[in-house]
Amino acid sequence: MKSKNWIAKALVLGTVFFLAALIVKPVGVSTQFSVLSGIVHSTIDPDVISEDNSRESGYRSSNAYYDKSEGKLAKDIKNPLNYDFIFVLAIPVGAYIAYMVTKKRNKKELDDTLELHEIPEIPKLPKQKQNLAKLYLPSFIGGFLLLYGARMADGCTSGHMMSGIMQGSVSGYIFAAAVFAVAIPTAIIIGMRHNSKGGAK
Amino acid sequence: MEILLAIILGGLFGFALYLVGASNPKKLLSMLRLQDLSLMKIIVFGIGFSSVLLSIAIALGIFNISHLSIKSTHLGVVVGGLIFGFGFGSVGTCPGTCVAATGTNGIRKAIAAVIGGLVGAFAFSLTYGFWKNTGLFKAMDLGKLTLFNISDKFPSVFEIGYLGLLIVGILLMVVAYAIPLRGRKNKVN
């Protein structure tokens with residue numbers, strides 16, 4: 001593991017948080033999950049969001065969440081080509097560029113990732129391939145819990161912890177405390193169970 | 001213009017998340033298991049550094065205060081954080097990092113997490129009315145409370161303005177520096 005360049009990486013990360021806040025607004029991700037699922041929802045059920053010119057947002061919804069804050073989310077669902085949505089869509093592009101740029105340099109480190117087909121010497125591969133559900137269901141359930149919790153808290157690691165703490169928002173500290181109070185024991189217990197089963201996570 | 005900025009800044013964010021290793025669930029999990037704390041150091045230091053930059057920008061008067069986005073503090077933040085913690089601790093990804101990971105070699109699990117996230121967000125949209133009726137968002141309601149009074153729009157705990165952000169920022173950087181790279185020993189890996 002690299003031990004020297006962690007500060008350089010931290011400076012890059014911190015600069016990005018700051019630049020986003022300076023130029024447009026602090027980074028945030030999880031709201032856009034509500035927007036995208038709302039786009040699908042309102043495509044299947046067009047009546048869920050309707051136009052309402054008496055409101056500043058111009059929209060109202062029969063769903064209490066989309067209707068919240070004068071129909072702000074309803075508006076974003078109907079007009080997704082805005083800063084917040086495109087910001088999130090651009091994240092994988094940046095990650096892909098970073099992946100390609102560092103690919104050769106960090107070939108060894110990349111082998112650490114969970115994508116098992118990258119590591120041919122792992123004999124467990126055929127068994128896991130048979131069981132797609134077992135391989136991907138945890139990620140699906142994990143993602144479900146993450147976004148259900150993040151929407152309830154009105155923010156995720158990006159909006160609450162990184163941007164929130166940067167700005168001195170009390171909610172960011174409270175969210176971070178609640179998250180780590182559960183995430184650390186959960187990760188340790190699941191890690192121990194994996195170990196006792198002899199499975200290398 | 002706004003869209004162009006979204007592409008540039010979103011791209012930079014994704015680039016940074018990959019660069020520091022946050023898009024790799026294995027790294028996040030070994031951080032949460034308190035084994036390899038390098039990512040913890042990076043994130044804490046990064047937040048501290050951004051806080052310092054922000055306080056300097058405010059002091060110089062080049063920061064548009066209306067860009068601040070302070071979220072409300074209420075019981076929903078605690079309960080939501082606890083639920084979030086289960087997901088974070090079990091799969092080692094978060095909403096931002098799983099989106100970033102769809103651009104990397106961890107794409108398959110990342111897509112499973114993103115789809116799970118979309119379903120989770122949708123489930124919350126449908127149950128928001130229920131939670132609202134329980135009073136979850138009204139309990140422990142402190143409003144958009146900040147530690148320091150950097151904007152008159154938000155109530156604050158301490159009246160020392162951007163100086164507070166500078167102090168906290170430096171403190172976070174010191175804490176990050178002090179966190180050991182290696183934490184608990186474990187047979188994993």
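Residues numbered from 1 in each chain as written. Chains lettered and ligands numbered in written order. Predicted model: local features only at pLDDT ≥ 70, side-chain atom pairs only at ≥ 80, totals over all residues. Heavy atoms only, no water.

**Comments concerning the packing of aromatic side chains**
Which entries qualify depends on this criterion: Two aromatic rings from Phe, Tyr or Trp, using only the six-membered ring of Trp, form a pair when their centres are within 6.5 Å; if the ring planes differ by under 30 degrees the pair is stacked, by over 60 it is edge-to-face, and anything between is tilted. Helix and strand definitions here come from DSSP, where helices need a minimum of 4 consecutive H or I residues and strands a minimum of 2 consecutive E residues; each element is numbered from the N-terminal end.
Per the counting criterion, the structure on display carries 18 aromatic pairs over all chains. Arranged with centres 6.4 Å apart and planes meeting at 50°, the rings of Y96(A) and Y99(A) form a pair that is tilted. With Y96(A) and Y99(A) both in helix 4 (residues 83-103) and 3 residues apart, the pair spans about one turn of that helix. Note on F130(B) and W131(B): the rings are 5.1 Å apart at their centroids and 70° apart in plane angle, and the pair reads as edge-to-face.

**Examining the layout of surface pockets**
Once rolled over the atoms, a probe with the size of a water molecule shows which space is left empty. Let me state the cut-off plainly: Both cavities and pockets are sets of points on a 1 Å grid over the protein atoms alone; in a cavity a 1.4 Å probe fits but cannot get out, in a pocket the set is open with protein on both sides within 12 Å along at least five of seven lines, and lining residues sit with an atom within 4 Å of a point. Grid points are joined across faces, edges and corners, and a volume is the space filled by probe spheres set on the points.
By volume, the largest pocket amounts to about 1,200 Å³. For the largest pocket, the lining is made up of 41 residues, of which K68(A), K72(A), D154(A), K71(B) and K144(B) are closest to its centre. The set of elements that each furnish at least two residues to the lining of the largest pocket consists of helix 2 (31-44), helix 3 (64-78), helix 4, helix 7 (132-153) and helix 8 (157-166) of chain A together with helix 6 (107-134) of chain B. At 6 residues, the largest contribution of residues to the lining of the largest pocket is made by helix 3 of chain A.

**A closer look at the environment of E51(A)**
Residues and elements named next belong to chain A. The cut-off we apply is this: Here, residues are in contact when the closest pair of their heavy atoms is within 4.5 Å.
If you trace the backbone, E51 turns up in strand 1 (residues 49-51). It is 27 Å that separates the C-alpha atoms of E51 and G28, two residues lying 23 residues apart in sequence. Setting aside its immediate chain neighbours within four residues, E51 contacts G58 and Y59.

**Details of the pattern of salt bridges**
All names here are of chain A. Definition in use: Salt bridges are counted wherever a side-chain nitrogen of Lys or Arg sits within 4 Å of a carboxyl oxygen of Asp or Glu. Residue exposure (1.4 Å probe, protein chains only): buried if accessible area is under 20% of the type maximum, exposed if over 50%, otherwise partly exposed.
Considering all chains together, one arrives at 5 salt bridges over all chains under this definition. Between K25 and D84 there is a salt bridge, with its nearest N and O atoms 2.7 Å apart. Separated by 59 residues along the polypeptide, K25 in the loop between helix 1 (6-23) and helix 2 and D84 in helix 4 bring together distant segments of the chain. K25 gets classed as partly exposed once you look at its relative accessible area, which sits at 28%. Ionic pairing is found between D52 and R60, a salt bridge with its closest N-O pair at 2.5 Å. Here D52 falls in the buried class, since its relative accessible area comes to 11%.

**Digging into a nonpolar patch on the surface**
The following threshold applies: Like-charged residues are merged into a patch within 9 Å and nonpolar side chains (Val, Leu, Ile, Met, Phe, Trp, Tyr) within 5 Å, provided each residue has over 30% relative accessible area and no salt bridge. All accessibility values rest on the Shrake-Rupley procedure with a 1.4 Å probe; residue burial counts only the protein chains present in the view.
A cluster of nonpolar side chains, contributed by V157(B), F158(B), I160(B), Y162(B), L163(B), I167(B), L171(B) and V175(B), occupies part of the molecular surface with about 710 Å² of accessible area. The element that contributes the greatest number of residues to the nonpolar patch is helix 7 (residues 162-178) of chain B, accounting for 5 residues.

**Here's the deal with the confidence of the model for chain B**
Note the threshold: Each residue carries a pLDDT score, the predictor's own confidence in it, on a scale running from 0 to 100.
The share of residues in chain B with pLDDT of 70 or more is 98%, and the mean pLDDT across the chain is 94. Taken over the whole predicted complex, pTM reads 0.90, whereas the ipTM for its chain interfaces reads 0.95.

**Focus: the environment of M1(B)**
By secondary structure assignment, the location of M1(B) is in the segment before helix 1 (2-20). Sequence separation between M1(B) and L28(B) is 27 residues; the distance between their C-alpha atoms is 35 Å.

**As for the packing of helix 2 of chain A against helix 4 of chain A**
Helices that pack against each other are described as a pair by the angle of their axes relative to one another and the distance between those axes. Residues and elements named next belong to chain A. Basically, it comes down to this: For every element, the axis is a line fit to its C-alpha atoms; helices are fit only across the contacting stretch, and the angle between N-to-C directions ranges from 0 to 180 degrees. Comment on the angle field: the value is read as roughly parallel under 35 degrees, roughly antiparallel over 145, roughly perpendicular from 65 to 115, and oblique elsewhere. Each residue is assigned to one of three groups, with Ala, Val, Leu, Ile, Met, Phe, Trp, Tyr, Cys and Pro labelled nonpolar, Asp, Glu, Lys and Arg labelled charged, and all others, Gly among them, labelled polar.
Across the interface, helix 2 lies against helix 4 with an axial gap of 10 Å and an inter-helix angle of 100°. Compared by their axis directions, helix 2 and helix 4 come out roughly perpendicular. Facing Q32, V35, L36 and I39 of helix 2, the residues of helix 4 in contact are D84, F85 and V88. Counted by class, the contact of helix 2 with helix 4 contains 5 nonpolar, 1 polar and 1 charged residues.

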